[in-house]
Every structure is written in C-alpha cells, then in structure tokens.
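For reference, the chains in residue letters:
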Amino acid sequence: MNIKEQVQKMDAIVSQGAIVDAVKEFFADNANTSDYGNGGTKGKTEMIAKMEGFAGAIAKVNGITHHHSIVDGNVSASEFTFDFDMKDSSKIYWHEIIRRIWNDEGKVIQEEYFNAE
C-alpha cells in the first residue's frame, strides 16, 4: 500500500472539513488516538463517536488550512490549522501536527496530536 497516497487522500478529506468521513475511511478498527493533554480514544468506533460529537458542535468553519505533510515509511506527519466558531459561542483555533502510524493495508492504527503553536 502506498502510504504517501493514503496520506494525501486523507489530508484532502480533512481539508474539506469531512473529519468524520476521514476517520470512517482511513482508520483501522483497532486504531487508537492520543491528544495533547486531553486523553484519547480506543478503537475506530470510539473515534467516530468523538468526531461526530465534535463536528456537531461546530457552528461555523472559518478555515481549515493544510500546510504540508511528510511521510517516512509507515509514519506520517501533517500540519494543519483549524479555525472554528462553536455552537456554545466559544472559538477553537488549533495549529497542530497530526502524527499517524499506518498498517500494511493503508489504514491508520495510531494518531497523535501535537500543539504546533
């Protein structure tokens, strides 16, 4: 499986704001996530539920910018800036690095988020 192509496809979907779709398509069933300081998820089903809840809380997408990605073997790192107005009147502005480990089938088995600010 060409991991570089998978990264490009997944990042394109995330860039369009279809974060739930990206998880459904590219996560392995046993994928785990780790967030900087805020816990994580265990398994694809838990991540889908988390992302559906998050996406449902967004009032307005001000911008999603994909800066660049690198791939080394089965590990990728993608830099994004996310700018959202939330339904509770809060604002989210994340500049982060998303590190992913991919399996041989081209599915994410681990995703970790790093604050890039």
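Up top is the structure.
Starting afresh in each chain, residues are numbered from 1 along the sequence in its written order. Only residues with pLDDT of at least 70 are given local features in this predicted model, and only at 80 or more are side-chain atom pairs given and counted; all residues enter the totals for whole chains, interfaces and linings. Side-chain descriptors were evaluated using all non-hydrogen atoms of the structure, hydrogens and water having been removed beforehand.

S.K.: Even after reading the chapter, I still don't get the side chain of Q6, so can you show me in this structure?
M.R.: Numbering of helices and strands runs from the N terminus; a helix is a DSSP stretch of H or I covering at least four residues, while a strand is a stretch of E covering at least two. Along the chain, the position of Q6 falls in helix α1 (residues 3–15). Accessibility expressed as a relative area gives 9% for Q6, which makes it buried. Burial status follows relative accessibility: with a 1.4 Å probe on protein chains alone, a residue under 20% of its type maximum counts as buried, one over 50% as exposed, and anything between as partly exposed.

S.K.: What's the story with helix α3 (residues 44–56) in this structure? I'm lost.
M.R.: Given 3.6 residues to a turn, an α-helix orients residues that are three or four positions apart in the same direction. A helix's residues, less one, multiplied by 1.5 Å, set its expected span. The terminal C-alpha atoms of α3, which comprises 13 residues, lie 18 Å apart, in line with the 18 Å expected from a rise of 1.5 Å per residue. By the burial criterion, the buried members of α3 are K44, M47, I48, M51 and F54. Along the axis of α3, the buried positions cluster into a sector of 130°, meaning they face one direction only. Arc definition: directions from the helix axis to the C-beta atoms.

S.K.: Explain helix α2 (residues 19–26) here, please?
M.R.: Taken together, the buried positions of α2 are I19, V20, A22, V23 and F26. Across the axial projection of α2, the buried residues extend over an arc of 160°, all falling on one side. Two residues form a contact once any of their heavy atoms are found within 4.5 Å. Tucked into the core, α2 has its buried residues touching α1, β1 (27–34), α3, β5 (91–102) and β6 (108–115).

S.K.: In this structure, what is going on with the pairing of β1? I would like to understand it.
M.R.: Regular strands place side chains that alternate from one sheet face to the opposite one. In this description, strands pair whenever DSSP reports at least two bridges between them. Alignment of β1 against β6, held across four bridges, turns out to be parallel. Paired with N32 across the strands is Q110, a residue of β6.

S.K.: Sorry, what's going on with the packing of aromatic side chains here?
M.R.: Each aromatic ring pair is described using two quantities: the centre-to-centre distance and the angle formed by the ring planes. For Phe, Tyr and Trp, where Trp contributes only its six-membered ring, two rings pair if their centres lie within 6.5 Å, and the inter-plane angle classes them as stacked under 30 degrees, edge-to-face over 60, or tilted in between. A complete count under the given rule lists five aromatic pairs for this structure. With a centroid separation of 6.5 Å and an interplanar angle of 80°, the aromatic rings of F26 and W102 are classed as edge-to-face. Of the two residues, F26 is situated in helix α2 and W102 in strand β5; the sequence distance between them amounts to 76 residues. For the pair shown, F26 and W102 are each scored as buried.

S.K.: Could you clarify how one ought to interpret the environment of R99 in this entry?
M.R.: Topologically, R99 is positioned in strand β5. The contact partners of R99, leaving out residues within four places of it in the chain, are V75, S76, A77, Q110, E111, E112 and F114.

S.K.: Sorry, what's going on with the pattern of salt bridges here?
M.R.: When their charged atoms lie close together, side chains carrying opposite charge are able to pair. One speaks of a salt bridge when a side-chain nitrogen belonging to Lys or Arg is within 4 Å of a carboxyl oxygen belonging to Asp or Glu. In total, this model carries six salt bridges according to the counting rule given. With its nearest N and O atoms 2.5 Å apart, the salt bridge here joins K91 to D85. Connected through salt bridges with shared partners, the residues D11, R100 and E111 form a single ionic network.

By themselves, these are just geometric observations and shouldn't be taken as functional.
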